[in-house]
Amino acid sequence: MRLTVRPFQVPKIGNVAEECEDAFFWDEAKQLFAIADGATDSAFQRLWAMLLVKGFVSHPPNFSKSEEIVFGSPPRVRTWFGGWLQSQQEKWNESIDWDNIPWHGQNKARQIGGLATFMGIHLSSNESLWRGIAIGDCNLFQFRKETDWYVTWWGPLIYADEFGTNPAALSSISKNYAVTWNYVTWIAGQYYPGDVIVLTTDALGAWLTSAIWERQRNSWQSLLNLQSQEEFSRFIDNLRKEKNIKNDDTSMLTIQID
């Protein structure tokens, strides 16, 4: 299986790229992909989002066993989750220069910590299946092209009004892994050669979900045809000018399966 991966990202209006609180990371050889969206009102959220995506790709759950029902979360993934999340929290804590943070910043970091929505998936060549976990409002869209593009799956959020202002998120300081796990969604599906899998953060996910429901096929076909960062920036800029997408950090990772 050959994959063509394209990352796209633009910060919210008024910010530079280095201030973007979204993150994505992938490993084509391992067929692992992750995306995260740091919450603006948390602390060191950009760092936290990057730790999550890199941590997932470097230490994923065991997706290689297929004895579970495709859409059922296997116990081993839940076991993995607690240890994985704790290790990312420890890295976040160790990466912060606590001695040189103003007192108000320290209070926010210790009381709220970093917050980020997250999605990580794995593509299995042997089974032609993708599996993953998600928490919050990062979304996955799967497209197929025959005579024209059409949508075969999207989720875990399937309605545009599900994208709210206070989504469930992974915390860099929470110790209650069992409670956090209750917000994690296990996602899975089958793919075929030629499919395109798209991972998005919430702003683009909400727009794309709305476009799907409103049958705006030309809109998502235009999105899938984007080849460069410059094209993506213009596409998002036009959506913002038309008030069709909120002014937020906007990221997309497309995975073309050949």
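Look a little higher up for the structure.
Throughout, a residue's number is its position along its own chain's written sequence, starting from 1. In keeping with the model being predicted, local features are shown solely for residues with a pLDDT of at least 70 and side-chain atom pairs are shown and tallied solely at 80 or more, while totals for entire chains, interfaces and linings include all residues. Each side-chain value is worked out from all heavy atoms of the structure, with water and hydrogens disregarded.

Novice: In this structure, what is going on with the overall build of the chain? I would like to understand it.
Specialist: Secondary structure elements follow DSSP: runs of H or I of four or more residues count as helices, runs of E of two or more count as strands, with numbering from the N terminus. Helix and strand content of the chain: seven helices and eleven strands. Its C-alpha atoms give the chain a radius of gyration of 18 Å, near enough to 18 Å, the size a compact globule of 258 residues would have. Once the C-alpha set of the chain is aligned to its principal axes, its extents read approximately 60 × 50 × 30 Å. When each of the 258 residues of the chain is scored for burial, the buried share is 50%. Long-range pairs, those at least 24 residues apart, make up 76% of the contacts in the chain with a sequence separation of at least 6. Only four residue types enter the tally: Lys and Arg on the positive side, Asp and Glu on the negative side; His and the chain ends are excluded. A charged residue contributes its charge at one atom only: NZ of Lys, CZ of Arg, CG of Asp or CD of Glu. On the chain, the mean spot of the 23 positive side-chain charges and the mean spot of the 30 negative ones are 2 Å from each other. As a reference, a globule follows 2.2 Å times the number of residues to the power 0.38, and the radius of gyration itself is taken over C-alpha atoms. Residue exposure (1.4 Å probe, protein chains only): buried if accessible area is under 20% of the type maximum, exposed if over 50%, otherwise partly exposed. Between two residues, a contact is recorded if the distance between any of their heavy atoms is within 4.5 Å.

Novice: Help me understand unusual backbone geometry, please; the structure alone is not making it clear to me.
Specialist: Most of the time, phi is negative for any residue but glycine, and the peptide bond is trans. Here Gly-155 and Pro-156 are connected by a cis peptide whose omega angle stands at 10 degrees. Mapped onto the elements of the fold, Pro-156 is located in the loop between β7 (149-155) and β8 (170-171). Phi angles above zero are rare outside glycine, and Arg-215 is one such case at about 55 degrees.

Novice: Can you walk me through the pairing of β7 in this structure?
Specialist: Successive residues of a regular strand alternate their side chains across the two faces of the sheet. Alignment of strand β6 (residues 139-145) against β7, held across six bridges, turns out to be antiparallel. Counterpart to Leu-140 in the pairing with β7 is Gly-155. Only strands that DSSP links by at least two bridges are regarded as paired with each other. What sits between the antiparallel neighbours β6 and β7 is a turn of three residues.

Novice: Sorry if this is basic, but what is going on with the packing of helix α5 (residues 202-213) against helix α6 (residues 217-224) here?
Specialist: Helices that pack against each other are described as a pair by the angle of their axes relative to one another and the distance between those axes. In contact at an axis separation of 8 Å, α5 and α6 are set at 135 degrees when each is read in the N-to-C sense. As the angle between them shows, α5 and α6 are arranged oblique. With respect to the hand of their crossing, α5 and α6 are arranged in left-handed fashion. Contacts between α5 and α6 involve Leu-204, Trp-207, Leu-208, Ala-211 and Ile-212 from the first element and Ser-219, Trp-220 and Leu-223 from the second. To get an axis, a line is fitted to the C-alpha atoms, and for a helix only the part in contact is used. The angle between two axes follows their N-to-C directions and goes from 0 to 180 degrees. Angle categories: roughly parallel below 35 degrees, roughly antiparallel above 145, roughly perpendicular from 65 to 115, and oblique for all the rest. Crossing handedness: left-handed means the near helix sits turned counterclockwise from the far one by under a right angle, and right-handed means the same turn made clockwise.

Novice: When you look at the environment of Lys-54 in this model, what are you seeing that I'm missing?
Specialist: On the secondary structure map, Lys-54 appears in helix α1 (residues 45-58). Residues Lys-54 and Gly-113 lie 59 residues apart in sequence; the distance between their C-alpha atoms is 19 Å.

Novice: It is not clear to me how the packing of aromatic side chains should be interpreted in this structure. Could you clarify?
Specialist: Between two aromatic rings, the relevant description is the distance of the centres plus the angle of the planes. For this analysis, a ring pair means two rings from Phe, Tyr or Trp (six-membered ring only for Trp) whose centres lie within 6.5 Å, classed as stacked if their planes differ by under 30 degrees, edge-to-face if by over 60, and tilted for the remaining angles. The full count for this structure, using the stated rule, is 15 aromatic pairs. Arranged with centres 4.9 Å apart and planes meeting at 20 degrees, the rings of Trp-80 and Trp-84 form a pair that is stacked. Here Trp-80 and its partner Trp-84 are both found in helix α2 (residues 75-95), four residues apart, which amounts to about one turn of the helix. Residue Trp-80 is classed as buried on the basis of its relative accessible area, which comes to 9%. We classify Trp-84 as buried; its relative accessible area is 1%. The rings of Phe-56, Trp-80, Phe-81, Trp-84, Phe-118 and Trp-181 are connected pair by pair, giving a single aromatic cluster.

Novice: Help me out: how do you make sense of α1 in this one?
Specialist: Residues lying three or four places apart along an α-helix face the same way, a consequence of the helix completing one turn every 3.6 residues. Taking 1.5 Å per residue as the helical rise, α1 with its 14 residues ought to reach 20 Å, and the 20 Å between its terminal C-alpha atoms agrees with that figure. Looking only at α1, the buried set comprises Gln-45, Trp-48, Ala-49, Leu-51, Leu-52, Val-53, Gly-55, Phe-56 and Val-57. Against β2 (22-27), β3 (32-38), α2, β4 (115-124) and β8 lie the buried residues of α1. In this scheme, a helix's expected span is set at 1.5 Å multiplied by one less than its residue total.

Novice: It is not clear to me how the pattern of salt bridges should be interpreted in this structure. Could you clarify?
Specialist: Note that side chains of opposite charge can pair when their charged atoms are close. Salt bridges, as used here, are contacts in which a Lys or Arg side-chain nitrogen is within 4 Å of a carboxyl oxygen on Asp or Glu. As enumerated under the stated definition, the model contains eight salt bridges in all. Of the charged contacts, one joins Lys-246 and Asp-202 as a salt bridge, the two residues approaching to 2.7 Å between their closest N and O atoms. Residue Lys-246 is found in the loop between α7 (229-241) and β11 (250-257), and its partner Asp-202 is found in helix α5; the two are separated by 44 residues along the sequence. By relative accessible area, Lys-246 is classed as partly exposed at 41%.

Novice: I tried to follow the layout of surface pockets on my own but got confused; where do I start?
Specialist: Taking a probe equal in size to a water molecule and rolling it over the atoms shows the remaining empty space. What the largest pocket holds in volume is close to 340 Å³. Elements supplying a minimum of two residues to the lining of the largest pocket: β3 and β4. Looking at the lining of the largest pocket element by element, the count peaks at three residues for β4. We call Asp, Glu, Lys and Arg charged. Ala, Val, Leu, Ile, Met, Phe, Trp, Tyr, Cys and Pro are nonpolar, and the rest, Gly among them, are polar. Along the lines of polarity and charge, the residues of the lining of the largest pocket split into five nonpolar, six polar and six charged. Only protein atoms enter the calculation, which uses a 1 Å grid: trapped sets of points that fit a 1.4 Å probe without letting it out are cavities, open sets showing protein on both sides within 12 Å along at least five of seven lines are pockets, and any residue with an atom within 4 Å of a point is a lining residue. Grid points are joined across faces, edges and corners, and a volume is the space filled by probe spheres set on the points. Size it by volume and the second largest pocket reaches roughly 180 Å³. In terms of lining, the second largest pocket is formed by Tyr-150, Val-151, Trp-154, Ile-212, Trp-213, Arg-215, Arg-217 and Trp-220. Secondary-structure elements contributing two or more residues to the lining of the second largest pocket are β7, α5 and α6. If one sorts the elements of the lining of the second largest pocket by residue count, β7 sits on top with three residues.

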